[in-house]
Amino acid sequence: MLKGIDISHHQRNIDLSKIETDFVICKATEGNGYTDECCDKFYQQAKKLGKKLGIYHFARPDLGNTAIAEADWFLKETKGYHNEAILVLDWEAKALNYPISWAKEWMDRVYEKTGIKPILYISESPANSKDWSSVANADYGIWVAKYSSKAPNLKHWKFYCMWQYTSKGSLQGYSGNLDLDYFYGDNIAWDKYASKSGDNISTQPEPVKKTNEEIANEIINDKDNVKWGTTDTNPTRKQRLESAGYDYNAVQSIVNQKLKVNKATTSAIYHIVKKGEILSKIASRYGTTANKIASLNSSIKDINKIYAGQKIRIK
């Protein structure tokens, strides 16, 4: 599984070199005549950084444009990106009031001209409330938006290749909100979607799964909670585990047992501070707060000052 972002001129000040992400999808065009001013800047920086790439077109049938005209505009403006970026039709806002046949005609046109099958971006609700079988049966993939801890469930597609799970995500290195996404495959699968060789992708790439025990150990050993997060991160640990196909309750139970914080335990729990650890991160791992830990330890005068080798009571 790959983790990424989708961006446009609304994030014009973002520096991709400061952000930890596997892929970047940039807004390229809208309607028939608009090209996002930041697209090429973002695209070239992401490419230089070795990120996987994608570009999308924001459909505007409400302006009276034909699908062919908008597809041709998209193809003209993105010619230099083909065969290395996933191509996307963004179907939202006013476009949702227009026929599905318009969207399919756009996708057919792009496929006809490039030999690359674009994918559809759409929210879960309109993807299920209308009959998208003509698009799904034509083997066009779907990137689904659903802002929830519960994974999407689609009616017309057997699987989704991407999930946009929040529009208010945060990543270290950028102060604003970000759209955050999961891609259910590896780098090879991404390249297949982005190239002519990806025409017949018909099964969802399955990530190599680890045991619950292995994941629990990863959580415990990750002192900064970077990979799997906590209850307070966005996305939460529950969201991250479930989107990766793991049972949150099963994994967290193992974590709790290993950290000896299961509710049945009533004896005091201690922790030896390791180099680089901070109290808030330690507290998060044990399901408590820095202030509560400080209240149990007279040696902690300032919650921002602890030292390696220090033995502190957690509960």
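Bear in mind the structure is a predicted one, so any value in this text is a computation, not a measurement.

Calculation notes
Within any chain, residue numbers begin from 1 and follow the written order of that chain's sequence. Reporting in this predicted model follows two pLDDT cut-offs: at least 70 for local features of residues, and 80 or more for side-chain atom pairs to be given and counted; totals over whole chains, interfaces and linings ignore these cut-offs and use all residues. Note: side-chain values were computed over all heavy atoms of the structure, leaving out hydrogens and water. Here is the rule: rings of Phe, Tyr and Trp (six-membered ring for Trp) pair when centre to centre is within 6.5 Å. Planes less than 30 degrees apart are stacked, more than 60 are edge-to-face, and the remainder are tilted. Working definition: with a 1.4 Å probe on protein chains only, accessible area under 20% of the residue-type maximum means buried, over 50% means exposed, and in between means partly exposed. Elements are defined by DSSP. Helices are runs of H or I of four residues or more, strands are runs of E of two residues or more, and each kind is numbered from the N terminus. Charge-over-ring contacts are defined here by two conditions on Lys NZ or Arg CZ: a distance within 6 Å of the ring centre and an angle within 35 degrees of the ring normal. Basic side-chain nitrogens of Lys or Arg form a salt bridge, by our definition, when they fall within 4 Å of a carboxyl oxygen of Asp or Glu. In this analysis, strands are considered paired if DSSP registers two or more bridges between them.

## Considerations on the packing of aromatic side chains
Step number 1: For the structure on display, the rule yields 15 aromatic pairs.
Step number 2: With a centroid separation of 4.9 Å and 70 degrees between ring planes, the pair formed by Phe183 and Trp190 is classed as edge-to-face.
Step number 3: Of the residues examined, Phe183 reaches a relative accessible area of 0% and is grouped as buried.
Step number 4: Plain terms: the ring middles of Phe183 and Tyr193 are 5.9 Å apart, the flat faces sit at 85 degrees to each other, and that makes the pair edge-to-face. Within this pair, whereas Phe183 is found in strand 9 (residues 178-183), its partner Tyr193 is found in helix 6 (residues 187-194), the two being separated by 10 residues in sequence.
Step number 5: One aromatic cluster in this structure is built from Tyr160, Trp163, Tyr165, Tyr182 and Tyr184.
Step number 6: One cation-aromatic arrangement involves Lys3 over Trp228; the distance from NZ or CZ to the ring centre is 6.0 Å.
Step number 7: Between the NZ or CZ atom of Lys311 and the centre of the ring of Tyr270, over which it lies, the distance is 4.8 Å.

## Quick notes on the pattern of salt bridges
Step number 1: Considering all chains together, one arrives at 15 salt bridges under this definition.
Step number 2: One salt bridge connects Asp108 with Lys104, and the closest N-O pair in it is separated by 2.9 Å. Linking Asp108 with Lys104, this pair stays in helix 3 (residues 100-114), spanning 4 residues, or about one helical turn.
Step number 3: Judged by relative accessible area, which is 29%, Asp108 ranks as partly exposed.
Step number 4: A salt bridge links Arg285 to Glu277, with the shortest nitrogen-to-oxygen separation between them at 3.1 Å.
Step number 5: Among the residues examined, Arg285 registers a relative accessible area of 10% and is labelled buried.
Step number 6: Judged by relative accessible area, Glu277 falls into the buried class, the value being 10%.
Step number 7: Three or more residues are tied together by salt bridges with common partners; here these are Lys27, Glu30, Arg60 and Asp62.

## Thoughts on the pairing of strand 2 (residues 23-30)
Step number 1: Summarising burial for strand 2: 8 of the 8 residues are buried, a large majority.
Step number 2: The sheet contact formed by strand 1 (residues 2-7) and strand 2 spans 4 bridges and is parallel. Each bridged residue has a counterpart across the sheet, and for Gly4 the counterpart in strand 2 is Phe23.
Step number 3: Both strand 2 and strand 4 (residues 52-58) contribute to a ladder of 7 bridges, which runs parallel. Among the inter-strand pairings, Val24 is bridged to a residue of strand 4, identified as Leu53.
Step number 4: Bridge analysis of strand 2 against strand 3 (residues 34-35) gives 2 bridges, and the strand direction is antiparallel.

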